[in-house]
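Each chain, written out:
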Amino acid sequence: MRVTLITGRTLGQGQGKEIGKTSERYRDSVAVCEIDPEDLEKLQIEPGTSVKITTDSGSVVVKGVKSTQPPHPGLIFIPYGPWASTIMEPKTDGTGMPSMKGLKANIEPASDQPVLGIRQLLKEQYGV
Amino acid sequence: MECEKGLKVSEDVVCPFCGCLCDDIKVTFQDDEITRLANSCAISIAKFQHYKEDRIPSPLIRENGQSSSVSLEEAVKETSKILVNARYPLLYGWSSTSCEALKVGIELAEELGGVIDNTTTTCHGPTILGVQDVGESTCTLGEVKHRADLVVYWGSNPVHAHPRHLTRYTLTPKGKFRAARKDRVLVVIDVRKTSTARQADCFIQVEPNKDYELLSALRMAIKFEEIEQVIVAGIPKEQIEELADLLISCQFGVIFFGLGLTMSSGKERNIEAALSLVRDLNRKTKFNIMPMRGHFNVTGANKVTTWQTGFPYAVDLTKGYPSYNPGATTALDILNRGECDAVLIVASDPLAHAPKTAVQNLLKIPVITIDPRISLTSLIAKVAIPTALVGIEAEGVAYRMDGIPKILKKITNPPAGFVSDVEVLKMILKEVRKQKGAS
């Protein structure tokens, strides 16, 4: 399903990064995708299961959750963090600023794929 | 304040998390452990409660994928060697450290002939570009608290990102002329009905990437020009006209805007439109505008870089004098193009927050991190130098989002052997000069 992707801060992301970038709390707070309840039904996604988000820059698997800030059909939200960064548009349009909001993306259920931990994610995406 | 045995209370502590720089935090220690926090938001609590965790125990140098503990002096020497030998070093970060640290950093960039850029580049860089083109009508948060009767948050969700902004400055504080919530009108413009929007008197759900269109329509409406389209950016024109009437009819209005404007399509053009809207509104009433700055000293990073070099960020010192060309000398563009051959990261984490192309190029070159805590970038760094946490273990100056400087306090001692970012940077500067003199 084609959607618009935005990223941003959340309370959980702020707390998670202060608890520690390698902590499970950080992963649990940023490796998620908030989806409108209507879209969850359309896609037959069970909240809490994995979803795969794809943009022109790549794909990442995160946990699909019911949006706490609906309604926003056709719009998905991922908190700032390494999971979101891997699929952001790097071009800055001559401003220095990457495009991290309003990106065209595809979302699909991926309940058979795990949400990687931080070290596994770095290995998968960057080979480190 | 010293109390009973082992009990220490630090009052009026400035929180080193976001651009609000709340300066009323009360921290109670019992035998060097924080046992109580007063006035902290949820994020601030996490910051103070977990500051001892996820620390690098000592300076590290990484060889063939293995990290080894080294002395601070050895780490400084290796850092200096990498930077002196680099043709085009990039010095990046600086928004979560003190102004004093950045001042030394700029001297270091000048000595090396490199580029120094702060995280403004990936948050409110477009805001600065817009302000340079249009100018801004602004004020302090104190003025907002005492005078504002209309507050607009556009593309910003302070309930999550600046949790005490509404209670300390905009919506519910007891001000001199605005005593309570009922004296203020809150408007939220966002692509989602956010937690902040749920508190609003008026919520406008703009379509993603259509902020420029809505700003333009609003500018027309406040000039009583006819909007030809029935719907603009997903909003019926009657609603836009009602919003324009609301903006005009206040006594003291303020727009706070976030990355919803700077990161969406249009970027600095959105900001120019927002600044122009406020300029137009000032023909009708008193209006101000202010960016919601994220990192606690990103405003200070702009101030220090400006007074030291004449430019607020993305400063290239390779020619022996400062030059500034966003899109060319901005950190992400340099990394995207793979131009720099060494990177010094101070208090930032590009591995966590930069897009993939930039990270892939970062991984090809030597990286040095100076950071109090483990960042993802520190995990791959050639040299990782841990430091004292400014605002908890070291003092320093930071600027609030409205340009008011605050002194961050040292309320406890850092781990043994840890010194501040300022001290480490001074050591590197001294060693760089020594190595350059020898070469």
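What counts and what doesn't
Residues numbered from 1 in each chain as written. Chains lettered and ligands numbered in written order. Predicted model: local features only at pLDDT ≥ 70, side-chain atom pairs only at ≥ 80, totals over all residues. Helix = DSSP H or I, 4+ residues; strand = E, 2+ residues; numbered from the N terminus. Rg over C-alpha atoms; globule rule 2.2 N^0.38 Å. Buried ≥ 20, exposed ≤ 12 C-beta atoms within 10 Å, placed from the backbone. Contact = placed C-beta atoms within 7 Å. Pairing = 2+ DSSP bridges. Axes fitted to C-alpha atoms, helices over the stretch in contact; angles between N-to-C directions. Core = buried A, V, L, I, M, F, W, Y, C linked by C-beta atoms within 7 Å. Parallel < 35°, antiparallel > 145°, perpendicular 65-115°, else oblique. Left-handed = near helix turned anticlockwise from the far one by under 90°. Domains from an automatic or database assignment. Nonpolar A, V, L, I, M, F, W, Y, C, P; charged D, E, K, R; others polar. Expected span 1.5 Å × (residues − 1).

## A closer look at the overall build of chain B
For chain B, the helix and strand inventory stands at 17 helices and 21 strands. For 439 residues, the compact-globule formula gives about 22 Å, and the C-alpha radius of gyration of chain B, at 23 Å, lands near that figure. Seen through its principal axes, chain B has C-alpha atoms that stretch 70 × 60 × 35 Å. Looking at chain B residue by residue over its 439 residues, the buried ones come to 56%. Partitioning the intrachain contacts of chain B with sequence separation of at least 6 by distance along the chain shows that 67% fall at a separation of at least 24.

## Digging into the overall build of chain A
A count of helical and extended segments in chain A gives five helices and six strands. Counting from the amino terminus, chain A carries its helices and strands in the arrangement β-α-α-β-α-β-β-β-α-β-α. For the C-alpha atoms alone, the extent of chain A along its principal axes is close to 35 × 35 × 30 Å. Excluding contacts between residues fewer than 6 apart, the proportion of contacts in chain A whose partners are at least 24 apart in sequence is 72%.

## Some details on the sheet that holds strand β2 (residues 32-35) of chain A
One closed barrel accounts for six strands, arranged β1-β5-β2-β4-β3-β6 (chain A); its pairing is mixed. The sheet shows a mean angle of 45° between the axes of neighbouring strands, direction not considered.

## Examining unusual backbone geometry
A cis amide bond links Pro70(A) to the next residue, Pro71(A), at an omega of 0°. Secondary-structure assignment places Pro71(A) in the loop between β4 (58-66) and β5 (75-79). Unusually for a residue other than glycine, Asp93(A) sits at a positive phi of about 55°. Backbone geometry places Asp54(B), a non-glycine residue, at a positive phi of 55°. Positionally, Asp54(B) belongs in the loop between α1 (42-49) and β4 (60-63). Residue Asp54(B) is classed as partly exposed on the basis of its C-beta count, with 18 C-beta atoms lying within 10 Å.

## A closer look at the nonpolar core
Counting 178 residues, the largest nonpolar core has Val62(A), Ile76(A), Leu218(B) and Ala274(B) as the members making the most contacts within it. Counting residues per element, this core draws most heavily on helix α3 (residues 99-112) of chain B, at eight residues. Other than its neighbours up to four places away in sequence, Ala274(B) contacts Trp154(B), Leu215(B), Ile255(B), Phe257(B), Leu261(B) and Ile289(B).

## Focus on the sheet that holds strand β14 (residues 286-291) of chain B
All names here are of chain B. Judged by pairing direction, the sheet is parallel, and its five strands sit side by side in the order β10-β9-β8-β13-β14 without closing on themselves. The sheet terminates laterally at β10 (202-205) and β14, the two strands that pair on one side only. Looking at each pair of strands side by side, their axes are set apart by 15° on average, direction ignored. Inspection of the sheet shows strand β9 (residues 185-190) paired to β10 by four bridges, in the parallel sense. Bridging from a neighbouring strand, Val-188 pairs with Phe-203 of β10. Across the sheet, helix α9 (residues 237-249) lies against β8 (150-154), β9, β10 and β13 (252-257), angled at about 135° from β10, the strand it touches most.

## A look at the pairing of strand β5 (residues 66-69) of chain B
Residue and element names in this part refer to chain B. In this structure, β4 lies alongside β5, joined through four bridges in antiparallel fashion. Each residue of the ladder has a partner; that of Ile-61, found in β5, is Ser-68. A loop of two residues connects β4 with β5, the two strands running antiparallel in sequence, and Asn-64 in this loop sits at a positive phi of about 50°.

## Overview of the interface of chain A and chain B
How large an interface is tends to be reported as the accessible area lost when its parts come together. Across the boundary between the two partners, chain A contributes 46 residues, which contact 54 residues of chain B. When contributions to the side of chain A that touches chain B are tallied by element, the ones reaching two or more residues are β1 (2-8), α1 (11-19), β5, α4 (82-85), β6 (101-109) and α5 (118-126) of chain A. Of the residues forming the side of chain A that touches chain B, the biggest block, five residues, is contributed by α1(A).

## With respect to the packing of α3(B) against helix α17 (residues 421-438) of chain B
Residue and element names in this part refer to chain B. Viewed as axis vectors pointing N to C, α3 and α17 meet at an angle of 15°, and their least axial separation amounts to 9 Å. Overall, the two elements α3 and α17 adopt an arrangement that is roughly parallel. Between α3 and α17 the crossing geometry is left-handed. Here α3 contributes Glu-100, Ala-101, Val-104, Gly-105, Glu-107, Leu-108, Glu-111 and Leu-112 to the contact with α17, which in turn contributes Asp-421, Val-422, Leu-425, Lys-426, Ile-428, Leu-429, Val-432 and Arg-433.

## Concerning the domain arrangement of chain B
All names here are of chain B. Split by domain assignment, chain B resolves into domain 1 (7-49), domain 2 (60-122 + 296-438) and domain 3 (125-291). With centres defined by C-alpha atoms, the gap from domain 2 to domain 3 works out at 34 Å. Counting from both sides, the interface comprises 12 residues of domain 2 and, opposite them, seven residues of domain 3. Of the residues in the side of domain 2 that touches domain 3, the class split is five nonpolar, five polar and two charged.

## Some remarks on helix α12 (residues 298-309) of chain B
All names here are of chain B. The terminal C-alpha atoms of α12, which comprises 12 residues, lie 16 Å apart, in line with the 16 Å expected from a rise of 1.5 Å per residue. Within the span of α12, buried status applies to Val-298, Thr-299, Gly-300, Ala-301, Asn-302, Val-304, Thr-305 and Thr-309. Contacts made by the buried residues of α12 are with α3, β7 (115-118), α4 (125-134), β15 (315-316) and β20 (396-399). Looking at the residues trailing α12, positive phi occurs at Gly-310, about 95°.

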